[in-house]
Amino acid sequence: MAASFPPTLGLSSAPDEIQHPHIKFSEWKFKLFRVRSFEKTPEEAQKEKKDSFEGKPSLEQSPAVLDKADGQKPVPTQPLLKAHPKFSKKFHDNGKARGKAIHQAKLRHLCRICGNSFRADEHNRRYPVHGPVDGKTLGLLRKKEKRATSWPDLIAKVFRIDVKADVDSIHPTEFCHNCWSIMHRKFSSAPCEVYFPRNVTMEWHPHTPSCDICNTARRGLKRKSLQPNLQLSKKLKTVLDQARQARQRKRRAQARISSKDVMKKIANCSKIHLSTKLLAVDFPEHFVKSISCQICEHILADPVETNCKHVFCRVCILRCLKVMGSYCPSCRYPCFPTDLESPVKSFLSVLNSLMVKCPAKECNEEVSLEKYNHHISSHKESKETFVHINKGGRPRQHLLSLTRRAQKHRLRELKLQVKAFADKEEGGDVKSVCMTLFLLALRARNEHRQADELEAIMQGKGSGLQPAVCLAIRVNTFLSCSQYHKMYRTVKAITGRQIFQPLHALRNAEKVLLPGYHHFEWQPPLKNVSSSTDVGIIDGLSGLSSSVDDYPVDTIAKRFRYDSALVSALMDMEEDILEGMRSQDLDDYLNGPFTVVVKESCDGMGDVSEKHGSGPVVPEKAVRFSFTIMKITIAHSSQNVKVFEEAKPNSELCCKPLCLMLADESDHETLTAILSPLIAEREAMKSSELMLELGGILRTFKFIFRGTGYDEKLVREVEGLEASGSVYICTLCDATRLEASQNLVFHSITRSHAENLERYEVWRSNPYHESVEELRDRVKGVSAKPFIETVPSIDALHCDIGNAAEFYKIFQLEIGEVYKNPNASKEERKRWQATLDKHLRKKMNLKPIMRMNGNFARKLMTKETVDAVCELIPSEERHEALRELMDLYLKMKPVWRSSCPAKECPESLCQYSFNSQRFAELLSTKFKYRENSGTRMQWIYLMQGTCISMSNVFK
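Owing to the predicted nature of the structure, the values given are computational and were not obtained by experimental measurement. (Residues numbered from 1 in each chain as written. Predicted model: local features only at pLDDT ≥ 70, side-chain atom pairs only at ≥ 80, totals over all residues. Heavy atoms only, no water.)

**Some details on the overall build of the chain**
Within the chain one finds 36 helices and 15 strands. The buried share of the chain, reckoned over its 955 residues, is 38%. Summarising the internal contacts of the chain: among those between residues at least 6 apart in sequence, 64% fall at separations of at least 24. Of the roughly 57400 Å² of accessible surface on the chain, 53% is carried by carbon and sulfur atoms. (Helix = DSSP H or I, 4+ residues; strand = E, 2+ residues; numbered from the N terminus. Buried < 20%, exposed > 50% of the residue type's maximum accessible area, 1.4 Å probe, protein only. Contact = heavy atoms within 4.5 Å. Areas by Shrake-Rupley, 256 points an atom, 1.4 Å probe, with all protein chains shown as cover.)

Next up, the structure:
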């Protein structure tokens, strides 16, 4: 039997005219090797089977060539056709990997939470599932005092989805802007305008041949490959679009109607709630909707309000939440039973005042909704009447809002059942049964983080501390980073739990607290200051080499930018400022201008050397420059209203550090080089206004700087005066030591920063070509360039210390009667001091000290101390002189201790001149032996007190 060949191969019927089988290969190769699929449709498979049954070879079989024409078995003359490499087994193995790669690539275009695809214009509006939240969200969370600072925690809190165990090959790594908006609505408590997606708890599975994601993408490619009909007219397109939109509207309306019906069936409250048809007045439709439940459409019974400001009957919303899930039935916003609150009282009063018709047939009365329960109790026989709203009692509150006694009463039956089960199955361990039930409830609602913490507590492990708590522990215990890290590793290795957080978590928490986090603006912009706001800790020596070439600065200095530090301090005081405005009956939306009074302080910190000696070679002393916000006022109704005043201005808690340097406070060149940029920033801020968003409103701030936090040593340093051994003993006037000892009355403040600058120029240039002594007398002790302007004030602490040291010496000399024998030996003087120390310890409980301090000085300078010392002095005349001296001192002390003597102690201020004159007279007569010894501190502080008091009097 001769073999027959299909004509498509181009073979003739004669045996001697057999052609090569590959002549027309190009005509059918694309039919054989199709790119999309190698499988055949059922019709093709059936046809092929039929052809093979009839003896027709298929295209997939190797063509054969007959040797002879007598019907012998054909002998193949060519090798079998090889399949395309794409259809080999090796390619199929690689195809699985390629499919996984395609699957993972498709995941990048899907939202992790709702599963929707990203639009082409949403490239910059995607958010990573893992990592810290963005700046806007972090600001909102901080304002709401929420602890979550990472996307996984926030997603678990809002959507109840745990993304910490996600795998990149299975789960998308980003979420869309719609879900981001839902999270913002959750914490801003604003009316919900973004619909909560139904597929929020979408499940993700590994890649399979029947993967929905890849198949959906493939179908999308099909649709994309279809070419539009170019001959379709614009009118036909418009008709098709309108028809499609009508179908979509119809489907949405049907979905809404069906969901409404489902919720009504779930509520099943038609027999207990009143219909809106029973209203006695024909109200407008919108008003009826506002007083009716959005689930059952009946008049609200025991109304409750959700976070998204929708109102429902309590029974209806609780039933829907239990059946349909934890979201609002109206807008799909996340909602839980604990979030339900009672509406405002004005709404309830309007609701209770509505008039309704009695549903009983024999009754035609109209009663208010508030009195409906009482009225309906008279119709017990009628079947048309509805059950009492709230069963005639108070509104049924949620379990968590009840008192402990009410909770016990409501859960009594359940408690007995759990106790019976625990006694029967768990040996009476009720606690384990309850905690296990709670754990299962959390797992069922995908609240895995809380479930993990509860499980850790059940196992005795506890939960870890928050990063902010760990940061506070590290700061308050003065632990360095290496010491904290060592403690963190030790605790984790011993307990097997991560109680403390790692250092990188502490650094992220610290960024929120440091300056450079908040955005602000200056109008006009600050001169020679950068406009960027995200400036944190900067090097205090930056730019120093270019400005100071001749003086080598071998030190370490760190500082904040002055304006960023002020903004951070104001944001920390945001609640205090708003509360102060409310207490003054001012509107919260007032934008200023606010006037902020800032006190500047600078002082040495003593010995800060490293005892182990492994650090860099730096000075062993440190200097800290800081500021305190003293008072904030606002201009309102042509007057300044005080909205904030620091209650404890000398407290360390309100003193904000600005610059810290390892330097000696006596090193004028180093102080000038490091603090000059701060002073330049301060001078620029004096002529500009700060624009800062406070309480959600852009407000204006002006700053007034007061350099009052300096002791005498720093005042001399920054104002360019000679050191403490100078003849010019006062930093407020030009008096010398001799003038102070002869005159303590007629002095006032004469020195100023501008005058000191002028005197420095005279000292530097010597325009009159005078000698050193003449030039020094002309500039009154100015020997260096002043670089910080200070406000004339007195160092009250050191004033107390200096005067107490002087009185302590007078007490010793009075015990030894030096006024009779001024040439006492050194041993006798030491014996007098020992006698005084022993007596003060016995009578006044004052322990001897090596160096005078503030606490000892305040206890020493009292009338009781003088009475105790007089017991050791034999002369009654000396008793009276010593008591009078102490009495005059205590009368003058309030003048230099108060911030504003004219307001706080006007009587002491008026008497200061007379008291100081009498005080000087006593020192020069009764205690003349101390005047000749040249006690410097006594004259300095008496002179400064005189200058301040006289300046206030003449004002």
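**Regarding a positive patch on the surface**
Taken together, Lys143, Lys144, Lys146 and Lys157 make up a surface patch of like positive charges. Secondary-structure assignment places Lys144 in the loop between α4 (135–143) and α5 (151–159). A relative accessible area of 37% places Lys144 in the partly exposed class. (Patch = residues over 30% accessible without salt bridge, like charges linked within 9 Å, V, L, I, M, F, W, Y side chains within 5 Å. Salt bridge = Lys/Arg side-chain N within 4 Å of Asp/Glu carboxyl O. Lys, Arg positive; Asp, Glu negative; His and termini not counted. Charge placed at Lys NZ, Arg CZ, Asp CG, Glu CD.)

**A look at helix α23 (residues 668–686)**
Taking 1.5 Å per residue as the helical rise, α23 with its 19 residues ought to reach 27 Å, and the 25 Å between its terminal C-alpha atoms agrees with that figure. Of all the bends in α23, the greatest reaches close to 45° and is centred on Leu675; the proline Pro677 follows between one and four positions later. Buried within α23 we find His668, Thr670, Leu671, Ala673, Ile674, Leu675, Leu678, Ile679, Glu681, Arg682, Ala684 and Met685. (Expected span 1.5 Å × (residues − 1). Bend = angle between axes of the 7 residues up to and from the residue.)

**Topic: the pattern of salt bridges**
Here the structure, examined in full by the defined rule, presents 31 salt bridges. The salt bridge partner of Lys686 is Glu789, with a shortest N-O separation of 3.8 Å. Of this pair, Lys686 sits in helix α23 while Glu789 sits in the loop between α27 (772–779) and α28 (796–815), and the two are 103 residues apart along the sequence. Lys686 gets classed as partly exposed once you look at its relative accessible area, which sits at 38%. With a relative accessible area of 38%, Glu789 lands in the partly exposed category. Bridged by salt links that share partners, the residues Glu600, Arg682, Glu683, Lys686 and Glu789 form one connected network.

**Structural notes on the packing of helix α26 (residues 753–765) against α27**
The geometry of α26 relative to α27 is characterised by a closest axis approach of 9 Å and an angle of 170° between their N-to-C directions. In terms of orientation, α26 lies roughly antiparallel with respect to α27. Two secondary-structure elements touch here, α26 through Arg759, Val762 and Trp763 and α27 through Leu775, Arg776, Arg778 and Val779. Among the residues forming the contact of α26 with α27, the class breakdown is four nonpolar, no polar and three charged. (Axes fitted to C-alpha atoms, helices over the stretch in contact; angles between N-to-C directions. Parallel < 35°, antiparallel > 145°, perpendicular 65-115°, else oblique. Nonpolar A, V, L, I, M, F, W, Y, C, P; charged D, E, K, R; others polar.)

**As for the nonpolar core**
Core analysis: the largest hydrophobic core is formed by 55 residues, its most contacted members being Tyr562, Leu570, Phe625, Ile632, Leu675 and Phe703. Residue contacts for Ile632: discarding those within four places in its chain leaves Leu570, Met573, Ile577, Phe594, Thr595, Val596, Val641, Lys642, Val643 and Phe644. (Core = buried A, V, L, I, M, F, W, Y, C linked by side-chain atoms within 4.5 Å.)

**Concerning the confidence of the model for the chain**
Any region with low pLDDT has predicted coordinates that should not be read closely. Chain-level statistics for the chain give a pLDDT mean of 76 and a share of 76% at 70 or above. Looking at the elements of the chain, mean pLDDT is at its lowest for helix α1 (residues 25–32), recorded as 46, and at its highest for helix α31 (residues 863–870), recorded as 92. Note on residues 47–87: pLDDT under 50 across the span, and 38 contacts to partners over four residues away in sequence or across chains. Counting contacts from residues 387–393, a segment whose pLDDT is below 50, to residues more than four positions away or on other chains yields 15 contacts. (pLDDT = per-residue confidence, 0-100.)

**Considerations on a nonpolar patch on the surface**
A cluster of nonpolar side chains, Met605, Val608 and Leu660, forms an exposed patch at the surface whose accessible area comes to about 240 Å². Positionally, Leu660 belongs in strand β13 (residues 656–661).

**Description of the environment of Ala663**
Considering the arrangement of structural elements, one finds Ala663 in the loop between β13 and α23. Assessed through its relative accessible area of 3%, Ala663 is described here as buried. The sequence separation of Ala663 and Asp554 amounts to 109 residues, and the corresponding C-alpha distance is 9.0 Å.

**With respect to unusual backbone geometry**
Trans is the common state for peptide bonds, and a negative phi is the common state for residues other than glycine. In this model, Gln523 is joined to Pro524 through a cis peptide bond whose omega is -10°. As for its placement among the helices and strands, Pro524 is situated in the loop between β7 (520–523) and β8 (538–539). Non-glycine residue Asp302 carries a positive phi angle of around 50°. As for its position among the elements, Asp302 is in the loop between α9 (285–290) and β3 (303–305). Judged by relative accessible area, which is 9%, Asp302 ranks as buried. The backbone of Asn845 sits at a positive phi, close to 55°, despite the residue not being glycine.

**Side note on the pairing of strand β11 (residues 621–636)**
As paired strands, strand β10 (residues 594–607) and β11 are joined by twelve bridges and run antiparallel to one another. Within β11, the position partnered with Ser601 by the bridge is Ser626. As defined by bridge partners, β11 adjoins β13 across five bridges and the pair is classed as antiparallel. From the neighbouring strand, Arg624 faces β13, where its bridge partner is Leu660. The pairing of β11 with strand β12 (residues 639–645) spans six bridges and is antiparallel. Bridge pairing links Thr633 to Lys642 in β12. (Pairing = 2+ DSSP bridges.)

**Structural notes on the pairing of β13**
Relative to β13, strand β9 (residues 557–559) runs antiparallel, the two being bridged by three bridges. Of the residues in β13, the one forming a bridge with Arg559 is Cys659.

**Quick look at the side chain of Asp153**
Considering the arrangement of structural elements, one finds Asp153 in helix α5. Other than its neighbours up to four places away in sequence, Asp153 contacts Ala148, Lys164 and Arg449.

**As for the packing of helix α29 (residues 826–843) against α31**
Orientation of α29 relative to α31, taken along the N-to-C sense of each, is 125°, at an axis distance of 10 Å. Regarding the angle of α29 to α31, the classification is oblique. With respect to the hand of their crossing, α29 and α31 are arranged in right-handed fashion. For the pair α29 and α31, contact is made by Leu836, His839, Leu840 and Lys843 and by Thr865, Ala868 and Val869, respectively. (Left-handed = near helix turned anticlockwise from the far one by under 90°.)

**Remarks on the packing of aromatic side chains**
In this structure the tally under the stated criterion is 14 aromatic pairs. A centroid spacing of 5.1 Å and a plane angle of 75° characterise the contact between Trp151 and Phe175, whose relative ring orientation is edge-to-face. Taken together, the positions of Trp151 in helix α5 and Phe175 in strand β2 (residues 174–175) put the pair 24 residues apart, joining distant regions of the chain. The exposure class assigned to Phe175 is buried, which follows from its relative accessible area of 0%. On the basis of an interplanar angle of 20° and a centroid distance of 5.1 Å, the ring pair of Phe594 and Phe701 is categorised as stacked. (Phe/Tyr/Trp six-rings, centres within 6.5 Å; stacked < 30°, edge-to-face > 60°.)

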